[in-house]
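Given next are the chains, with one letter for each unit.
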Amino acid sequence: MKGQYLTIEYVLFFAIGIALVVGIYTTFNSINAGIREDSGIVQFEKLGESIRGSIVKIYEYGIITDSTIEYKLKIPTKISGGMYLIKYDNLLNVNSTENYKIGTTLDVYNINIRPSNIIYSTKGEINIKYNEGWVELS
């Protein structure tokens, strides 16, 4: 019994060390997730503003010139390490595919937009087309 205290002491120190490593890992992991979510929200807002701005410009130029305009807007394939989707249903929605709560919703100022399918970010671009008073996203 006299020599066993060293073994117990080493086992306890090892267990405390493992607990510290696990605790530090989970702390940094939760901080990383919070920062990633916050930066993702800002990035979705900026991307949504860029898409909306392009839609407004193309609509204005189409009305002024009375012509058909096709424009390819390059977009990032991933935001904050994840894919996202763009869809229009009376509002322009840009949302993460991993967590639907992360994203933004924007009004497009009563511009006539034909509803299209969901556009996924894997394409790396959005086709914006103006024709006869309507804007089409694809």
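Quick caveat, the model's predicted, so the values are computed rather than measured.

Draft legend 1. Representation of unusual backbone geometry. One non-glycine residue, Asn 90, lies in positive phi territory at about 70 degrees. Among the structural elements, Asn 90 can be located in the loop between strand S2 (84-88) and strand S3 (92-96).

Draft legend 2. Layout of the pairing of strand S8 (residues 134-137). Burial along S8 is one-sided: Val 135 and Leu 137 are buried, while Trp 134 and Glu 136, pointing the other way, are not. Bridge analysis of strand S5 (residues 113-114) against S8 gives two bridges, and the strand direction is parallel. Counterpart to Arg 114 in the pairing with S8 is Glu 136. The sheet contact formed by strand S7 (residues 125-131) and S8 spans four bridges and is antiparallel. What sits directly across from Tyr 130, in S8, is Val 135. Following S7, the chain reverses through two residues before pairing antiparallel with S8; Glu 132 in that reversal takes a positive phi of roughly 50 degrees.

Draft legend 3. Broad picture of the sheet that holds S7. An order of S1-S7-S8-S5 is seen for the four strands of this open sheet, with the pairing classed as mixed. With one partner strand each, in any of the chains shown, strand S1 (69-74) and S5 form the two edges of the open sheet. Pairing of S1 with S7 involves six bridges; the strand directions are antiparallel. Residue Lys 72 lies in a different strand from S7, and its bridge partner there is Asn 127. Strand contacts of helix H1 (residues 4-65): S1, S5, S7 and S8, with the helix running at about 165 degrees to S1, the strand carrying the most contacts.

Draft legend 4. Here's a closer look at the nonpolar core. Membership of the largest hydrophobic core comes to 27 residues, with the highest contact counts inside it found for Ile 51, Ile 86 and Leu 137. Secondary-structure elements contributing two or more residues to this core are H1, S1, S2, S3, S7 and S8. With seven residues, H1 is the largest single contributor of residues to this core. Once residues lying within four places of it in the same chain are set aside, the contact partners of Ile 86 are Ile 51, Ile 75, Leu 92, Asn 93, Val 94, Asn 117, Ile 118, Ile 119 and Ile 126.

Draft legend 5. View of the pattern of salt bridges. Taken as a whole and judged by the stated rule, the model has five salt bridges. Glu 98 serves as the salt-bridge partner of Arg 36, at 3.4 Å between the closest nitrogen and oxygen. With a gap of 62 residues between them, Arg 36 in helix H1 and Glu 98 in the loop between S3 and strand S4 (103-106) connect regions that are remote in the sequence. Here Glu 98 falls in the exposed class, since its relative accessible area comes to 56%. Across the pair Lys 72 and Glu 125 runs a salt bridge whose closest N-O atoms are separated by 3.9 Å.

Draft legend 6. Just the confidence of the model for the protein chain, in detail. On average, the protein chain scores 90 in pLDDT, and the residues at 70 or more come to 99%. Highest mean pLDDT in the protein chain belongs to S1 (94); lowest belongs to S5 (86).

Draft legend 7. View of the packing of aromatic side chains. Counting across every chain of the model gives two aromatic pairs. Relative to Tyr 84, the ring of Phe 44 has its centre 5.8 Å away and its plane inclined at 75 degrees; by these criteria the two rings are edge-to-face. In this pair, Phe 44 sits in helix H1 while Tyr 84 sits in strand S2, placing the two residues 40 residues apart along the sequence. Tyr 84 matches Phe 44 in its accessibility class, with the two residues each being buried. Arranged with centres 5.8 Å apart and planes meeting at 80 degrees, the rings of Tyr 59 and Tyr 130 form a pair that is edge-to-face. Of this pair, Tyr 59 sits in helix H1 while Tyr 130 sits in strand S7; the two residues are 71 residues apart in sequence, bridging distant segments of the chain. Using a relative accessible area of 18% as the deciding quantity, one classes Tyr 59 as buried.

What counts as what
- Residues numbered from 1 in each chain as written.
- Predicted model: local features only at pLDDT ≥ 70, side-chain atom pairs only at ≥ 80, totals over all residues.
- Heavy atoms only, no water.
- Helix = DSSP H or I, 4+ residues; strand = E, 2+ residues; numbered from the N terminus.
- Buried < 20%, exposed > 50% of the residue type's maximum accessible area, 1.4 Å probe, protein only.
- Pairing = 2+ DSSP bridges.
- Contact = heavy atoms within 4.5 Å.
- Axes fitted to C-alpha atoms, helices over the stretch in contact; angles between N-to-C directions.
- Core = buried A, V, L, I, M, F, W, Y, C linked by side-chain atoms within 4.5 Å.
- Salt bridge = Lys/Arg side-chain N within 4 Å of Asp/Glu carboxyl O.
- pLDDT = per-residue confidence, 0-100.
- Phe/Tyr/Trp six-rings, centres within 6.5 Å; stacked < 30°, edge-to-face > 60°.

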